[in-house]
Amino acid sequence: MAEATPLLHKSDSADFDPSSKQSLHLDETIEQCIGDFSFAQLIQVLLLNFAWFLDSHQNFISIFTDAEPKWHCTQPGSDPCSSATDVCHLPDHAWSWDDPAHTTFISDWNLQCENSFIKGLPASSYFFGCVLGGLFLATLADSSLGRKNMILLSCLLISISTLFIAFSNNLWIYALLRFISGVGRATLGSTSLVLSMEQVGKRWRGQVAVVCTLCAMFGFLSLPGISYLNRGNSWKTFYLWIFIPTIPYCASVFFFVHESPRWLFVRGRKEEAISTLKAISPTNDKTKNLIMALSSVAVLEQESRNVDTFAAFRLLFQRKWALRRLSTLLFMVCGIGTVYYGMPLSLGNLSFNLYLSSALNALAELPSLIIISLVVDRFNRKSLLLFFNMLGGICSILCVVKGKVFTRIQIGLELVAFSSTAVAFAVAHIYSIELFPTSVRNSVLSLTRQSIVLGGVFSPVLVAAGRRNDFLSYGVFGLVVIFCGLFVVLLPETKGKKLCDTMDEEESKEGSAFHGTNCA
């Protein structure tokens, strides 16, 4: 199969020699331009990965706004209040909420006696919106809109829906607005991660993932603090708090973030790609000569140009190797999402302070961050995913075990399960980026994230059911992540491999059939 990516003349010195007969791959040329990390690249990485701060707000705000508040008897010692464990079995005058009724939507709208589906509807709607948004919006970042414009669109959808939630007056409007938030959030984190990784050399991919995890951790960690400051106030005010940072972030992306030079080349926009490389690359003679060499390169053909909105999906489904690789990846990461999103939402089921347990879960991503930075460049992606999926699943199941010993260490087991899954979550993002070429990379990463979110779609319902039976939450979470995690053995290893630009390039190896080892 013909090579679809242009070749450049190779130079190992600062002086570029156009007469050289040696050739250099486009990816390798861009790699040499951006391989030495510059201050401009640092600014891009920090700005882009702040999206994960906002992403965590959307993912975990339900811990506080959708919780079922504690209650107490107003007539202690009287029948039937003394023996009741459910307010639905008591007359209205016999009990009262510990906090004002407007602190969560359940108490605000008197939904405490509704079934698990109703109580979990807003959170499930949000995750369902994430899935659909990923399916219909993700490919726009690979085709017409590009990475930067996709981030802006996503952030605007989140901003508008979050603001309107503060004025919602019934469950159905709230669920609809959460659905819209999910649609917007679907591509925010994935696109920002792809764009930041495409602006740095391959030796920095792991560090970019660390920054991403750090921003997500601070976003999650800020929620207990905001909730504590908001205690006693309406749950709608909480949404106004998380709306505030979205507007300056949109402005920062619009004015300061550059588009991906890889994507611009793939789309045939060579002049813009060169301009971006000049803006973010380190300033030295070698880089200048390499950028000058790129100006004489022909743009990519066929799959890289004139692709419509759903061309990326067609490319993935038309190639058997790509479809097999994608379906296995999506099934595997779905189990990760079950624990990653389910565990924090289940915190209200533990006999532990909600503010403290939420803060501990947010801080649990800090050891995850340290672990990722230590192991991501030393161990294979497959080995890491398999190990941390197993560890998270086992600890999740152990949370169900009753008895004095296990009850005392239940919060510790929950933290290990969440921390382990957070590591697998971050590694899965790196892995999905490396498994597919530039022309479909954003679509694949977004599909990966939506599959992770799919694991969280049913989590709110399981969490509500788990208030009466722990196994329906923690037990199910653990079994699912263990089973799905085993499928990683069917995927190829990608650690240390260069990024391909086109599907043809990914598929070809020395003119023979695809073996899965030439690029990653």
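In what follows, the structure referred to is the one given above.
Just so it is clear, the model here is predicted, and its values are computed rather than measured. (Residues numbered from 1 in each chain as written. Predicted model: local features only at pLDDT ≥ 70, side-chain atom pairs only at ≥ 80, totals over all residues. Heavy atoms only, no water.)

**Q** Outline the overall build of the protein, supporting the account with residue identities and numerical values.
**A** Looking only at helices and strands, the protein has 25 helices and four strands in total. Classification of the 520 residues of the protein by burial places 59% in the buried group. Sequence-distant contacts in the protein: of pairs separated by 6 or more residues, those separated by 24 or more amount to 79%. Split by element, the accessible area of the protein, about 20400 Å² in all, is 64% carbon and sulfur. (Helix = DSSP H or I, 4+ residues; strand = E, 2+ residues; numbered from the N terminus. Buried < 20%, exposed > 50% of the residue type's maximum accessible area, 1.4 Å probe, protein only. Contact = heavy atoms within 4.5 Å. Areas by Shrake-Rupley, 256 points an atom, 1.4 Å probe, with all protein chains shown as cover.)

**Q** Would you mind going over the packing of aromatic side chains in detail, with residue names and values included?
**A** Considering all chains together, one arrives at 30 aromatic pairs under this definition. With a centroid separation of 6.1 Å and an interplanar angle of 70°, the aromatic rings of Phe-105 and Trp-109 are classed as edge-to-face. Take Phe-105 and Trp-109: they sit in the same class, and that class is buried. Measuring from ring centre to ring centre gives 6.0 Å for Phe-220 and Phe-418, while their planes differ by 75°; the resulting arrangement is edge-to-face. One end of the pair, Phe-220, is in helix H9 (residues 205–229); the other, Phe-418, is in helix H21 (residues 410–435), with 198 residues separating them in the sequence. Looking at Phe-220, the relative accessible area reads 0%, which means it is buried. Against the face of Tyr-126 rests Arg-178, its NZ or CZ located 4.2 Å from the ring centre. Over the aromatic face of Phe-436 sits the side chain of Arg-325, whose NZ or CZ is 5.8 Å from the ring centroid. (Phe/Tyr/Trp six-rings, centres within 6.5 Å; stacked < 30°, edge-to-face > 60°. Lys NZ or Arg CZ within 6 Å of the ring centre and 35° of its normal.)

**Q** Give me the side chain of Ser-420: which residues, what numbers.
**A** With respect to the helices, strands and loops of the structure, Ser-420 is situated in helix H21. The exposure class assigned to Ser-420 is buried, which follows from its relative accessible area of 5%. Leaving out residues up to four positions away in the same chain, Ser-420 has contacts with Phe-388, Leu-391 and Gly-392.

**Q** Which residues make up the state of the cysteines, and what values go with them?
**A** In total, this model carries zero disulfides according to the counting rule given. The structure places no disulfide on Cys-250, whose sulfur is separated from the nearest cysteine sulfur, that of Cys-155, by 3.1 Å. When its relative accessible area of 10% is taken as the criterion, Cys-250 is described as buried. (Disulfide = S-S within 2.5 Å.)

**Q** A description of the nonpolar core should follow, citing residues and the corresponding values.
**A** Counting residues in hydrophobic clusters, the biggest one holds 97 residues, and the most contacted among them are Leu-316, Leu-329, Leu-385 and Phe-436. Tallying contributions element by element places H21 first for this core, with 16 residues. (Core = buried A, V, L, I, M, F, W, Y, C linked by side-chain atoms within 4.5 Å.)

**Q** Outline helix H11 (residues 246–256), listing residues and values.
**A** Taken residue by residue, H11 has Thr-246, Tyr-249, Cys-250 and Val-253 as its buried positions. The buried side chains of H11 occupy one side of the element, clustering within an arc of 100° when seen end-on. Opposite the buried face of H11, by more than 90 degrees, sit the exposed residues Phe-255 and Phe-256. Here the buried face of H11 lies against helix H2 (39–49), helix H3 (51–60), helix H7 (146–165) and helix H10 (235–243). (Arc of directions from axis to C-beta.)

**Q** Describe the layout of surface pockets, listing the residues and the values that go with them.
**A** Reported here for the second largest pocket is a volume of approximately 150 Å³. Leu-145, Lys-148, Asn-149, His-258, Glu-259, Trp-263, Leu-264, Arg-269, Glu-272, Ser-275 and Thr-276 together form the lining of the second largest pocket. Counting residues per element, the ones that place at least two in the lining of the second largest pocket are H7, helix H12 (261–266) and helix H13 (270–280). Among the elements that make up the lining of the second largest pocket, the one with the highest residue count is H13 (three residues). (1 Å grid on protein atoms, 1.4 Å probe; cavity = no way out; pocket = protein on both sides within 12 Å on 5 of 7 lines; lining within 4 Å. Points joined across faces, edges and corners; volume = space filled by probe spheres on them.)

**Q** Before we move on, could you go through the environment of Gln-44 and cite the residues and values that matter?
**A** Note that Gln-44 resides in helix H2. Exposure remark for Gln-44: the relative accessible area of 3% places this residue in the buried category. Each C-alpha atom of the pair Gln-44 and Val-253 lies 9.2 Å from the other, and the pair is 209 residues apart in sequence. Not counting the four nearest positions on each side in its chain, Gln-44 is found in contact with Gln-199, Phe-256, Val-257, His-258 and Ile-280.

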